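One letter stands for each residue in the lines below.
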Amino acid sequence: MAIVEFTDLFKVFGPDPAGALARFRAGADRDALREAGGHTVALADISLAIAPGEIFVVMGLSGSGKSTLVRLINRLIRPTSGQVRVAGADVGAMTDSELTALRRHRISMVFQHFGLMPHRTVLDNVAYGLAIQKQPRSAYEATARRWVETVGLSGFETAWPDELSGGMRQRVGLARALATDPDILLMDEPFSALDPLIRRDMQDQLLALQGDLTKTIVFITHDLDEALRLGDRIAILKDGALAQLGTPEEILLAPASDYVAAFLRDVNRGRVLTASSAMQRTPPQVGPGQSSAASIAPETPLETVLPLVAEQDVPVAVVDADGAVLGTVSRQDVIALLVPK
Amino acid sequence: MFPEELGWPLRLWIDEFVDWLVINYGDVFEAAADSVLFLLVGLEQGLRALPWWLVVLAVAGIAWHASRRVGLAVGLAAVMLLIGSLGLWDKAMQTLALMIVAIAVTVILGIPTGILAARSDRFRALLLPVLDLMQTMPSFVYLIPAVMLFGLGKVSAILATVIYAVPPLIRLTDLGIRQVDPEVLEASQSFGASPRQTLLGVQLPLALPSIMAGINQSIMMALAMVVIASMIGARGLGEEVLQGLQRQEPGTGFAGGLAIVALAILFDRISQAYGRRSQRHRTVEG
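Here the structure is a predicted model, which is why all the values come from computation and not from measurement.

Undergrad: Could you give an account of the sheet that holds strand β13 (residues 325-329) of chain A, with specific residues and numbers?
TA: Residues and elements named next belong to chain A. A sheet is described by the order of its strands in space; here three strands give the open sequence β11-β12-β13, paired in mixed fashion. If you trace the sheet from one side to the other, it starts and ends with β11 (295-296) and β13, each paired once. Bridge analysis of strand β12 (residues 316-319) against β13 gives four bridges, and the strand direction is antiparallel. Counted as the bridge partner of valine 319 is valine 325 from β13.

Undergrad: Can you lay out the packing of aromatic side chains for me, pointing to particular residues and giving the numbers?
TA: Enumeration according to the criterion identifies seven aromatic pairs over all chains in this entry. Judged by centre distance (6.2 Å) and plane angle (85°), the ring pair of Tyr128(A) and Phe191(B) falls under edge-to-face. Pair noted here: Tyr128(A) is in helix α6 (residues 128-132) and Phe191(B) is in the loop between α8 (182-190) and α9 (195-224), and the two residues belong to different chains. Look at Tyr128(A) and you get buried, because its relative accessible area is 2%.

Undergrad: Mind laying out the side chain of Thr300(A), listing which residues take part and the relevant values?
TA: All names here are of chain A. In this structure, threonine 300 sits in the loop between β11 and α15 (302-311). Residue classification places threonine 300 among the buried residues on the basis of a relative accessible area of 15%. A distance of 2.5 Å separates a polar atom in the side chain of threonine 300 from the backbone oxygen of alanine 297. Setting aside anything within four residues of it in sequence, one finds threonine 300 in contact with Leu273, Thr274, Ala275 and Val305.

Undergrad: Break down the domain arrangement of chain A for me, with residues and values.
TA: Residues and elements named next belong to chain A. Structurally, chain A comprises domain 1 (4-267) and domain 2 (272-338). One C-alpha centre belongs to domain 1, the other to domain 2; they are set 38 Å apart. In this assembly, six residues from domain 1 lie in contact with six residues from domain 2. For the domain 1 face of the interface with domain 2, the top three residues by lost area are Glu249, Leu252 and Leu253, together amounting to 85%. If you look at where domain 1 meets domain 2, you find zero salt bridges. The element best represented in the side of domain 1 that touches domain 2 is helix α11 (residues 248-253), accounting for four residues. The residue inventory of the side of domain 1 that touches domain 2, partitioned by class, reads five nonpolar, no polar and one charged.

Undergrad: Describe the nonpolar core, and please don't skip the residues or the numbers.
TA: Residues and elements named next belong to chain B. Core analysis: the largest hydrophobic core is formed by 72 residues, its most contacted members being Met80, Ile83, Met99 and Leu223. Counting residues per element, this core draws most heavily on helix α4 (residues 89-119), at 14 residues. Leave out the neighbours within four places in its chain, and methionine 99 touches Ala222, Leu223, Val226 and Phe267.

Undergrad: Run through the pairing of strand β3 (residues 55-59) of chain A, naming residues and quoting values.
TA: All names here are of chain A. Of all five residues making up β3, five are buried, and the element is well covered by its neighbours. Where burial is concerned, the two faces of β3 agree: the one with Ile55, Val57 and Met59 and the one with Phe56 and Val58 are both buried. One ladder, built from five bridges, connects β3 with strand β8 (residues 216-221); its direction is parallel. Counted as the bridge partner of phenylalanine 56 is valine 218 from β8. Where β3 lies against strand β9 (residues 233-238), four bridges are found, and the strand directions are parallel. Following the sheet pairing, phenylalanine 56 is matched in β9 by arginine 233.

Cut-offs used in this document
Along each chain, the written sequence defines residue order, and numbers are assigned to residues from 1. The naming scheme follows written order: chains are lettered A onward, ligands numbered 1 onward. A pLDDT threshold of at least 70 governs which residues receive local features in this predicted model, and a stricter bar of 80 or more applies before side-chain atom pairs are shown or counted, although totals over entire chains, interfaces and linings include all residues. Working from all heavy atoms in the structure, the side-chain values ignore hydrogens and water. Strand pairing follows a simple DSSP-based rule, namely that at least 2 bridges must link the two strands. Working definition: helices are DSSP H or I runs of at least four residues, strands are E runs of at least two. Numbering for both runs from the N terminus. For this analysis, a ring pair means two rings from Phe, Tyr or Trp (six-membered ring only for Trp) whose centres lie within 6.5 Å, classed as stacked if their planes differ by under 30 degrees, edge-to-face if by over 60, and tilted for the remaining angles. Residue exposure (1.4 Å probe, protein chains only): buried if accessible area is under 20% of the type maximum, exposed if over 50%, otherwise partly exposed. In the analysis that follows, any N or O atom pair within 3.5 Å is treated as a polar contact, provided that within protein one partner can donate a hydrogen and the other can accept it, and provided that, for residues neighboring in sequence, both atoms belong to side chains. Every residue pair with non-hydrogen atoms within 4.5 Å of one another is taken to be in contact. Either an automatic procedure or a domain database provided the assignment from which the domain bounds are taken. Accessible-area loss on putting two parts together, using a 1.4 Å probe and summing over both, is the definition of buried area adopted here. When a carboxyl oxygen of Asp or Glu is within 4 Å of a side-chain nitrogen of Lys or Arg, the pair counts as a salt bridge. Gly is placed with the polar residues, together with every amino acid not listed as nonpolar (Ala, Val, Leu, Ile, Met, Phe, Trp, Tyr, Cys and Pro) or charged (Asp, Glu, Lys and Arg). Put simply, a nonpolar core is a bunch of buried Ala, Val, Leu, Ile, Met, Phe, Trp, Tyr and Cys residues held in one set by side-chain atoms that sit within 4.5 Å of each other.

What follows is the structure in structure tokens.
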């Protein structure tokens, strides 16, 4: 069952959202609505479901509605029309106390510019979500210390946010979000303010943490490489509408529109596509002396497969964890996928 | 000549309104006045009863606590000695008590009003023109209803001082809260903080430098009212200046004025030093 579910969701910003939405549904243009009454259609007819434990990436350019989408999940923003459900409960219909419980225990958020409290130390920032729950300090301090340590900031407990580098600040933001042990982690472009090298470290750290924790992560980004690297599934937004939804491989192999294809032009395909996409499922008869010495797993990225097939003239066998042969990959198969027409 | 038919009886309305207040709510005002007076008289007698050197030491101690600088502590102690050496110690203590009570009332009224203004755009839209009026209206005008409500004396002086001094504090409290980084605010809400937890835990602490600047400005405005307040019977340094004017004694007036300046320096330096300390760790930039 889906843990987060959007149904027929619209969000319009402006003085008269309902009226503007009616006009939009009647066929009015997005730009026309903006110029006529200052209305912005941030999200248009979004329906999608996020599964528990997945890293769900929402990707789009600025103004595509991705930040709005993530804020609907914890009701920092309310929908103009349609529903958002978290674990089956309609977030829009929650009472104040239900909403508070949702935010305190089930969902937490990481922000683009970190959103740290400059007047609290690293430890007190990490403990913020626990302090808000009115737990006594003695009850939560050990938890907060453990999370400071987990994100690699031991020794900085009493430092102030203005004394940290960008990467360290976002580690505080991540520890703060994890300290309340939520089911769902909302991450709004968390790494886009960081240097490329630091960004990569943070992505690695997130993947490592996710390996241990298995939270549901809704990750917003405008960086396609980041989306492909982290996402179990990716939703691409354009002008508030869903342009495509699928696994990185699905999107790369079959872009739904020219818009998506244009996005994908500079992607390192060898890193995203795997042997399972390239292989021939019905292996050709392998004659004597032609059997390949090497075998590879189906999830092996093509950039690893390429040197193998380059060395030998015969196809390489693709073998699953039980040793069963699933198919073969030849040099031509790999090249055909890496260099699309 | 402006046609009389186009006039409206504003002055009559205000006279009637103040009369109505005095007749119907005189007791309430008297009770309020009594409690403020009790506080003020107690403080005044306390300050005058203290040995002078203890007051000088206390000022130096507060200055050091605010700034952690020995230089400022010594300098402000010297300022206190200057006041004493002018023969105005007793009057300065009266003015000091008046200022402390007026500023306390200003803070008690100003900060909550500023918080309300920051939370409601509608309230703010109504409030801003009132604040403009309060600051631009010649301050003598406040003396009239103050005297009618509370009679001649200290309480009226405090009321007039507060009306004159409170606008900057309201404005800067409102500004400080509105300037808090919206992402930090969102972070607080996203963790399920109640509006009260957000206000006390995030907005007020981060608005503190601005609020301290407001308190500093309010203090300076309050000191500007000292002489005017003495016209309705407030005792202290203002009296000296007024006496200098009435009796044509320039020396008396100048010495009184100098002592007021000395108090202004004292309040300004101490409140600014506290303001500077409140600025540490208030932003995450660099």
